[in-house]
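# Reading the structure
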Amino acid sequence: MHESSTTTSSTSTEDEIDCELRPGGMLVQKRSEKTDVPAPYLRLRIAFGALRYEISVNSRATFGEVKKVLTGETGLQAGDQVLIYRGKERENGEYLDMCRVKDRSKVILTEDPASIERRFIEMRRNAKIQSAHRAISNVSMEVDKLVEQVSAIEKSISNGVKVPEVQITTLIEMLMRQAIKLDSISAEGDASAQKKLQGKRVQKCVETLDLLKIANVKVQPVVVTTKWETFDPPPSTVHWEIFD
């Protein structure tokens, strides 16, 4: 009867965990014992999916401190880690020795599902941004070519050379196609700024061509005339001088 009472009391003590706040702000289990004896180090076997790690930590370290060590080993941030020992997820503030972690104990490491979802969303976002950059870059290269043609037409008209109107209207249509492509690109951040920049380039070229179309109508075709030198025709009758 006495043994049963003692067991119940012990179980109750394990379930009720007092906590304390460390200077760094981490909430940890409160230790009931105080000793100056240096704590031994433990070798922990970490299972992370198909990967296996072995780390050495102080037996009085917390699971939160174990996560910091594992960050260097796995590259997984401490906030994205979940540590499971004896089938139970362990809190950052729990001490290894108070959770009865022994040397060579096995601890399972998994990634927080919320972290996986965040990374997936971030990957999709980055892929979308890269796709937008490629699409805008393609439009930019096409606009560069069209800008050169606009400059050539502008130079011709300014020199008084009339340009076929179909050449101007065709160029405007080609520019408008690039504007439609830009409108169909979903962009944000830096990509959005690049999209606006190319849109302004296209608009400026179209406005320039509209003005050139008006100027082209006023250009008078150059008529080249050649002045020919005329000669009097030879006399029809030739007079021969007669000598005796």
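Residues numbered from 1 in each chain as written. Predicted model: local features only at pLDDT ≥ 70, side-chain atom pairs only at ≥ 80, totals over all residues. Heavy atoms only, no water.

Under the annotation held in an unreviewed UniProt entry, the protein carries the name Ubiquitin-like domain-containing protein and is attributed to Citrus sinensis.

### Comments concerning the environment of Glu-73
Here Glu-73 is to be found in helix 2 (residues 63–74). On the accessibility criterion, Glu-73 (42% relative accessible area) is partly exposed. Sequence spacing of Glu-73 and Glu-54 is 19 residues, and the spatial spacing of their C-alpha atoms is 9.4 Å. Contact partners of Glu-73, with chain neighbours within four places excluded, come to Tyr-53 and Ile-55. (Helix = DSSP H or I, 4+ residues; strand = E, 2+ residues; numbered from the N terminus. Buried < 20%, exposed > 50% of the residue type's maximum accessible area, 1.4 Å probe, protein only. Contact = heavy atoms within 4.5 Å.)

### Details of the pattern of salt bridges
In total, this model carries 9 salt bridges according to the counting rule given. The salt bridge involving Asp-80 is made with Arg-118; its shortest N-O contact spans 2.9 Å. Separated by 38 residues along the polypeptide, Asp-80 in the loop between helix 2 and strand 5 (81–85) and Arg-118 in helix 3 (residues 113–158) bring together distant segments of the chain. Note that Glu-122 and Arg-125 form a salt bridge whose closest N and O atoms lie 3.8 Å from each other. You can see Glu-122 and its partner Arg-125 sitting in helix 3, 3 residues apart, about one turn around the helix. The partly exposed category is assigned to Arg-125, whose relative accessible area is 40%. Among the charged side chains, a salt-bridge network with shared partners connects Glu-122, Arg-125 and Glu-188. (Salt bridge = Lys/Arg side-chain N within 4 Å of Asp/Glu carboxyl O.)

### A look at the nonpolar core
Side chains that are nonpolar tend, in soluble globular proteins, to be buried together. In this structure, Ile-153, Ile-157, Ile-168, Leu-175, Val-202 and Leu-209 are the most contacted members of the largest nonpolar core, which totals 23 residues. Elements with a contribution of two residues or more to this core: helix 3, helix 4 (165–183) and helix 5 (190–218). For this core, the element with the highest residue contribution is helix 3, accounting for 8 residues. When near neighbours in sequence (up to four residues on either side) are disregarded, Leu-175 contacts Leu-146, Val-150, Val-202, Cys-205, Val-206 and Leu-209. Counting 17 residues, the second-largest nonpolar core is a separate cluster that includes Leu-42, Tyr-53, Phe-63 and Val-101. (Core = buried A, V, L, I, M, F, W, Y, C linked by side-chain atoms within 4.5 Å.)

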